[in-house]
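Each chain, written out:
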Amino acid sequence: AQSVTQLDSQVPVFEEAPVELRCNYSSSVSVYLFWYVQYPNQGLQLLLKYLSGSTLVKGINGFEAEFNKSQTSFHLRKPSVHISDTAEYFCAVSDVDQGGKLIFGQGTELSVKP
Amino acid sequence: DAGVTQSPTHLIKTRGQQVTLRCSPKSGHDTVSWYQQALGQGPQFIFQYYEEEERQRGNFPDRFSGHQFPNYSSELNVNALLLGDSALYLCASSLGLAASSYNEQFFGPGTRLTVL
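All of these numbers come straight from a predicted model, not from anything done at the bench.

Participant: Quick one: what's the story with the overall build of chain A, residue by residue and with numbers?
Facilitator: Within chain A, the secondary structure is distributed over 0 helices and 12 strands. The C-alpha radius of gyration computed for chain A amounts to 14 Å, which stays within 12% of the reference 13 Å derived for 114 residues, consistent with globular compactness. Expressed as a percentage of contacts within chain A between residues at least 6 apart in sequence, the contacts between residues at least 24 apart total 56%. Carbon and sulfur atoms form 48% of the exposed surface of chain A, whose accessible area is close to 5,500 Å². Taken together, the 8 basic and 11 acidic charged side chains of chain A have centroids lying 4 Å from each other.

Structure below.
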């Protein structure tokens, strides 16, 4: 069975500092990988996705993530965060052959302070 | 394009009651998935509907059932509500159900269900 572990439940960081949100997954089959962001009282918005090809993927709002198959990781990074990046971030995995069923991690609360 | 819409936005029920949540997919989408997000947790997959049939199901009891209409909109029904059913229920829509391909899911804002 697939599973996703987000290694940090909360990440406080100062504005303009770099940030990394960590995600590890477990799966015995080929997967797609995703990062979603959830602002308070809103649904989920796709930040970026890894389907195949280059292991470094770029997303919206200056975020990027690197797929590391040997370490089964998909960490999210941003070189300089803004106050507006304060939100909950979810890593998710989908079995390539399962038509889109998403398995989510527990979430990481990113709090950007001035 | 209105995106994925869900109704109602908030709902309060008591234990033992039944509830129906509604979802209209993004224009052009024909597949609807439902997720339950308990407070402080990541979303959990409930089930997915395509061509008016349940195609995949997560680890949820039979109290959770659904329906998809010919216009692709969908309902989630929960019977015999428990306190633990309190959560944000998210609907996501996508186009098609092809295996070995990627069909992006677009999420609605959710329905917040509180069971007292």
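Participant: Could you give an account of the environment of Gln2 of chain A, naming the residues involved and the relevant values?
Facilitator: Residues and elements named next belong to chain A. Checked against the element boundaries, Gln2 lands in the segment before strand E1 (3-6). Linking Gln2 and Glu20, residues 18 residues apart in sequence, is a C-alpha distance of 23 Å. Beyond its immediate sequence surroundings of up to four residues, Gln2 is in contact with Ser26, Ser27, Val29, Val31, Val93, Ser94, Asp95 and Ile103.

Participant: Explain the nonpolar core to me, using residue names and the numbers behind them.
Facilitator: Core analysis: the biggest nonpolar cluster contains 28 residues, and Leu33, Trp35, Leu47, Leu48, Phe74, Leu76 and Tyr89 of chain A have the highest contact counts within it. When sequence neighbours within four positions are dropped, the list of residues in contact with Tyr89 of chain A reads Gln6, Leu21, Trp35, Tyr36, Val37, Leu47, Phe63, Leu76, Gly107, Thr108 and Leu110 of chain A. Judged by nonpolar contacts, the second largest core, of 20 residues, contains Val19, Ile46, Leu81 and Tyr89 of chain B.

Participant: Hey, could you go over the interface of chain A and chain B for me, with residue numbers and the actual values?
Facilitator: Counting residues at the interface gives 21 residues for chain A and 22 residues for chain B. Of the roughly 1,700 Å² buried between chain A and chain B, counting both surfaces, carbon and sulfur atoms make up 51%. Between chain A and chain B we count 0 salt bridges in total. Remark: the boundary between chain A and chain B carries 3 residue pairs in polar contact (both at pLDDT 80 or more).

Participant: An account of the sheet that holds strand E7 (residues 64-68) of chain B is requested, with residue identities and associated values reported.
Facilitator: All names here are of chain B. What the 4 strands build is an open sheet, ordered E1-E3-E8-E7; its pairing is antiparallel. The open sheet is flanked by strand E1 (5-7) and E7, the only strands paired with a single partner. Direction aside, the axes of adjacent strands within the sheet are offset by 20° on average. Judged from the 5 bridges that link them, strand E3 (residues 19-24) and strand E8 (residues 74-78) form a sheet pairing that is antiparallel. Residue Leu21 lies in a different strand from E8, and its bridge partner there is Leu76.

Participant: Lay out unusual backbone geometry in plain terms, naming residues and giving numbers.
Facilitator: For the bond running from Ser7 of chain B to Pro8 of chain B, omega is -10°, close enough to zero to count as cis. Tracing the backbone shows Pro8 of chain B in the loop between E1 and strand E2 (10-13). Located in the positive-phi region is Glu16 of chain A, a residue other than glycine, with phi close to 75°. Note that Glu16 of chain A resides in the loop between strand E2 (10-14) and strand E3 (19-21). Phi at Asn61 of chain A is positive, roughly 60°, even though this residue is not glycine. In this structure, Asn61 of chain A sits in the loop between strand E7 (56-58) and strand E8 (64-68). Given the relative accessible area of 41%, Asn61 of chain A is considered partly exposed.

Participant: Outline the state of the cysteines, supporting the account with residue identities and numerical values.
Facilitator: Residues and elements named next belong to chain B. According to the stated counting rule, one finds 2 disulfides over all chains in the structure shown. Between Cys23 and Cys91 runs a disulfide, and the two sulfur atoms are separated by 1.8 Å. In this structure the cystine formed by Cys23 and Cys91 twists about its S-S bond by roughly -55°; its chirality is therefore left-handed. Residue Cys23 is found in strand E3, and its partner Cys91 is found in strand E9 (residues 87-94); the two are separated by 68 residues along the sequence. Since its relative accessible area comes to 0%, Cys91 is described here as buried.

Here is what the cut-offs are and how they apply
Residues numbered from 1 in each chain as written. Chains lettered and ligands numbered in written order. Predicted model: local features only at pLDDT ≥ 70, side-chain atom pairs only at ≥ 80, totals over all residues. Heavy atoms only, no water. Helix = DSSP H or I, 4+ residues; strand = E, 2+ residues; numbered from the N terminus. Rg over C-alpha atoms; globule rule 2.2 N^0.38 Å. Contact = heavy atoms within 4.5 Å. Areas by Shrake-Rupley, 256 points an atom, 1.4 Å probe, with all protein chains shown as cover. Lys, Arg positive; Asp, Glu negative; His and termini not counted. Charge placed at Lys NZ, Arg CZ, Asp CG, Glu CD. Core = buried A, V, L, I, M, F, W, Y, C linked by side-chain atoms within 4.5 Å. Buried < 20%, exposed > 50% of the residue type's maximum accessible area, 1.4 Å probe, protein only. Buried area = accessible area lost by both parts, 1.4 Å probe. Salt bridge = Lys/Arg side-chain N within 4 Å of Asp/Glu carboxyl O. Polar contact = N/O pair within 3.5 Å; in protein donor to acceptor, adjacent residues only side chain to side chain. Pairing = 2+ DSSP bridges. Axes fitted to C-alpha atoms, helices over the stretch in contact; angles between N-to-C directions. Disulfide = S-S within 2.5 Å.

That's the geometry; what it means functionally is another story.
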